[in-house]
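# Results of the structural survey
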Amino acid sequence: MSSTDRAIEARQLVKTYAVRGTKHGIRALDGLDLIVPRGMIFGLLGPNGAGKTTTVKILTSLARPDAGTARVEGIDVLARPGQVRQVIGVVAQRSGADPTAAGRENLILQGRLYGMRGGSVRARADELLAHFGLTEAAGRLVKTYSGGMQRRLDVALGLMHRPAVLFLDEPTTGLDPESRAAMWQEIARLASRDGLTVLLTTHYLEEADRLADRLAIVDRGRVVTTGEPEELKGELRGDVVQVELPADADAGLVRGVLGALREVRDVVIAGRNVSARSDDGAAAVPVVLAALQRAGINAASVAVARPSLDDVYLRHTGRRYSESGTAERNGSVDQRELVEASK
Amino acid sequence: MATVQLGSAPTGAAPINHLTPNATAFGTAMAHTWYLTGRKLHALVRQPWVLAFSVVQPVIWLFLFGQLFRKVIDIPGFAYHGTYLDYLVPGLIAMNAMANNMWAGMSMIEEIDRGTLNRFLASPASRIGIMNASVVEQAVSTTVQSLIIVGLGLAGGARYHGGVAGVAVMVAASILVGVVFGALSNATGMLLRSREAIIGVYTFFMLPLMFLSSAFMQTRLMPGWMQAIASRNPLNWVVQIGRSAVSAHPDWGAIGVRAGGLAVLAVACVAVSVATFRSYQKNVLSERRNGGPLPCRGRGPPCWGRSVGGVSPYVVPPVLVRLGARLVSRRVHNPRLPWEVQRRRLDMLMGPWPLPRGTSVTKKAWNGVPVEVVTAGLVRPRARSGSPGQATTPASGTAAVTVVHFHGGGYCVGSPAEARDWAAHLSARAGCRVVLPEYRLAPEHPFPAAVDDARAVVSAALGEAVAGAVVVSGDSAGGGLALGAALAWPGTPDGAARLAGCILLSPWLDLTADRAAVPELVRRDVVLSPAWLEACAQAYAPVADRAQPMVSPLHANLDGLPPLLIQCGTDDLLAPDAGNLAVRAAAAGVDVTYSRWPGLWHDFALQPDITAAAASALAQAAWFVGRVCAPDRQEGPPDTGAGPGASG
């Protein structure tokens, strides 16, 4: 990939925040490297506090790193922040819309700040209002909008000046499931448009898996791995075999039985659910079932699955995603507490 | 839907073609000032009553002081030709301009919190334009307010001999002083990002600056040191400009000098506030301030973000809450007061406590014990089966997770009211329902009445929650009941009903300990006293019974306990109980999470919308409930041995 194909290029970003009570502050970024090719949705996945928002703030010229370099569309963010601001659109975690103004007024002001004038700014605002299904609410004050409408307006604000790169910082956090699904569709649609590069940060595994063409997993201020979701999952050899045990099964016995099998490894037992990895899931299933049966345990169900991003996260950080600080619970994050068996 | 081009064509750098060519920085700043001011004035026009209300205070001063000090004018040496009302109007206009503009930083903080400021800063919006907009808006509202006061003064009998020109000069001077204090307030808001700081600056400067000026009294009647300060007080300059301008013979020379000084000061203050953008940008992580997540390094429990879930605590400085706790608890937890009085005062205090929006509290009876079932309106998160994200409240039928929380109060006082707020926040955050039993209290019902009630409720909860999980919880004395209940339902290998976890907030677990033994701790505790604890223990259980495991569960055999979450502050007479339990439970192989909050007091965790520490404690409790009640975990926790163990 030549450097002209890169929408974003960040090298060795370090950022420390002074926090009372800590001697050296909090190291939010610890040598973060990031390369985002043009024209795709790039996901930045990690738990709360991993450094995603700080990365976005540096790339959008809102914060200055202690060390490192960052370029957006080939422009040095530190040296020419003004130029960078012209080519990026930012949709921050918090709604930046003015609640005491109407949706359309918000858009027009935004356009004017980017130097758009006269009829073109009004035409662009109406175009986006229509696109995001806000035409009817255009004249209403933003404080009367629902959470989903506000979020759509936020995205429209970010797109007002036709940016080359759009930053979406946790665009669906706090949305109800219906609005979240609608927002996903909207973001996926952005991707199909020509030219727009989207940097999406999220702490929802499912969101990253569904939307991102390519993603980087961030943990403690570093990128621990990067690649296409399928590719990352493919790096984990083999399949996941999932067995549901009957209610009276003895977890210790199951662990002993499965631990002795050559066909499966990494046995994880969570309540009645057992998952194990296998090079060839289809071949392992009968062996697992037979072994359990010999021990007097009749499995309630058995399934073979491809590894999930949760498994990818586990491999690169040594922790389950659900244990890693995402205290928020929602429909798309698998919150099972998994306890690893002795290996 | 028509095709809309959302992004620019992928032609590389400089795709923007609609920029005004050759726009100078100055032109841009002026244009942006215009647009951003328009935004602010629009908002002002939409709420004109806000302006009107803000002059209520000076109007009261005008007529109250105007009447009260009518005779001041006759003091020898006051030397003023006119009525006291004439004298007062310029002073009140200056005071109003200062007072109202000192709140400007509040709206700046609101813009920061809302993300609006960041949106502008990430756009090419001119920084000077952003600040100017604030200044112009202040100028407009100051003008309107000043004119209202001028008009009311006229109606009340004040006379302005300087005519329209004099009044215009007076109003212009009030605008200048408004700009000075508005800019300083904005800078304070942006640098400290705390509403309390703005309130502090206001209370610190407002009255001294007002009374160290000639607003109410001629300076020549003041002591010498006051005169010295008044001559350097910009507020006084404004009062003097105004008074001279509306007098019959204005001293234009003096007015010009003072106005020049004010203008220089105003420009300097605006420059300072523009410069604060730079500092803001250096530390733009505003979410981390004001009670943000705790530092999060290394493995272990997650960091608790305040952005999580539905809790957004309005954080009060801990030092104030601490003072409040000390003042209040001496009047409630006082062994010399009859129990009835203590109970009534506690209910008066906690009964009307505001609960989060969407909270529902239902009174029921479980196995004969009155309980309150608290749920906070929420969307059930888990959508494994059935339609995704179906909105149901936990109250409807079989809630997945039930937390039974026993309130504190030394077994003698207290009611579910004390824990309602905590319960509502936990319900919203963890997606559970919280049951608050109203167990019988000593001395009317000594041991074992409370223990019996606790068991009855937990047994009802376990019976009802066939498909769900039950967590017991308690604060202070309730912690003793919760731990007792957890000990009463030890894990059984056949997977019969058992508790998923136990949460203890500042628990009272040992009634035999001598609480006066550590004088340092007695001094630091702002809620409890050894005498009160002893009075409670006496009312609850005779000395002979106090070592019993059901009275002092710290002495029980802790084998087979469900996962424990123990939270306490260090400035708590009962802190040793929490620490001892953590160590003993970890030694017994129990999954223990133990958190201490340095400098926090007894039961601090119960008010998650007051202190950041309590908000983080609540987030931890919600995390704990989620962890121990994850689906398919009813058989009990896998044998992980001790969890994080005792720390700190």
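This structure is a prediction, so every number in the text was calculated from the model and none was measured. (Residues numbered from 1 in each chain as written. Chains lettered and ligands numbered in written order. Predicted model: local features only at pLDDT ≥ 70, side-chain atom pairs only at ≥ 80, totals over all residues.)

### Some words on the overall build of chain A
- Looking only at helices and strands, chain A has 11 helices and 15 strands in total.
- Residue burial in chain A is summarised as follows: out of 343 residues, 53% are buried.
- Look at the contacts in chain A between residues 6 or more apart in sequence, and 68% of them connect residues 24 or more apart. (Helix = DSSP H or I, 4+ residues; strand = E, 2+ residues; numbered from the N terminus. Buried ≥ 20, exposed ≤ 12 C-beta atoms within 10 Å, placed from the backbone. Contact = placed C-beta atoms within 7 Å.)

### With respect to helix H21 (residues 612-628) of chain B
- When the terminal C-alpha atoms of H21 of chain B are compared, their 24 Å separation across 17 residues agrees well with the 24 Å that a helix rising 1.5 Å per residue should span.
- Counting buried residues in H21 of chain B gives 17 out of 17 residues, a clear majority hidden from the surface. (Expected span 1.5 Å × (residues − 1).)

### Some points on the confidence of the model for chain B
All names here are of chain B.
- Taken as a whole, chain B shows an average pLDDT of 79; of its residues, 82% reach a score of 70 or greater.
- The secondary-structure element of chain B with the lowest mean pLDDT is helix H13 (residues 318-330), recorded at 78, while strand E6 (residues 501-505) shows the highest, at 94.
- Within the model, the stretch residues 8-22 combines pLDDT values under 50 with 27 contacts to residues more than four positions away or in other chains.
- Contacts from residues 284-314, a stretch scored under 50 in pLDDT, to residues over four places away or in other chains number 78 contacts.
- With pTM at 0.56, the complex prediction returns an ipTM value of 0.76. (pLDDT = per-residue confidence, 0-100.)

### Some details on the confidence of the model for chain A
- On average, residues of chain A score 81 in pLDDT, and 88% of them are at 70 or above.
- For residues 325-343 of chain A, every residue scores under 50 in pLDDT, and the model assigns this stretch 67 contacts once sequence neighbours within four places are set aside.

### Structural notes on the environment of valine 628 of chain B
- In this fold, valine 628 of chain B is placed in helix H21.
- Residues valine 628 of chain B and cysteine 502 of chain B, spaced 126 residues apart in sequence, show a C-alpha to C-alpha distance of 9.4 Å.

### Some thoughts on the sheet that holds strand E4 (residues 433-437) of chain B
All names here are of chain B.
- Spatial ordering of the open sheet is given by E1-E2-E4-E3-E5-E6-E7-E8, a layout of 8 strands whose pairing is mixed. In this open sheet, the two edge strands, each paired with only one partner strand, are strand E1 (359-366) and strand E8 (592-601). Strand after strand, the sheet turns through a mean of 20° between neighbouring axes, direction not considered.
- Summarising the sheet, strand E7 (residues 564-571) and E8 pair through 7 bridges and their orientation is parallel. For leucine 564, the partnering residue across the bridge sits in E8 and is valine 592. (Pairing = 2+ DSSP bridges. Axes fitted to C-alpha atoms, helices over the stretch in contact; angles between N-to-C directions.)

### Overview of the packing of helix H1 (residues 25-46) of chain B against helix H7 (residues 127-156) of chain B
Residues and elements named next belong to chain B.
- Closest axis-to-axis distance for the H1/H7 pair is 8 Å, and the angle between their directions is 45°. Judged on the interaxial angle alone, H7 and H1 are oblique. When the axes of H1 and H7 are compared, the crossing they make is right-handed. Between H1 and H7, the contacting residues are Ala29, His32, Thr33, Leu36, Thr37, Lys40, Leu41 and Leu44 on the first element and Ile128, Gly129, Ile130, Asn132, Ala133, Val136, Glu137, Val140 and Ser141 on the second.
- Here the contact of H1 with H7 is built from residues that sort into 9 nonpolar, 6 polar and 2 charged. (Parallel < 35°, antiparallel > 145°, perpendicular 65-115°, else oblique. Left-handed = near helix turned anticlockwise from the far one by under 90°. Nonpolar A, V, L, I, M, F, W, Y, C, P; charged D, E, K, R; others polar.)

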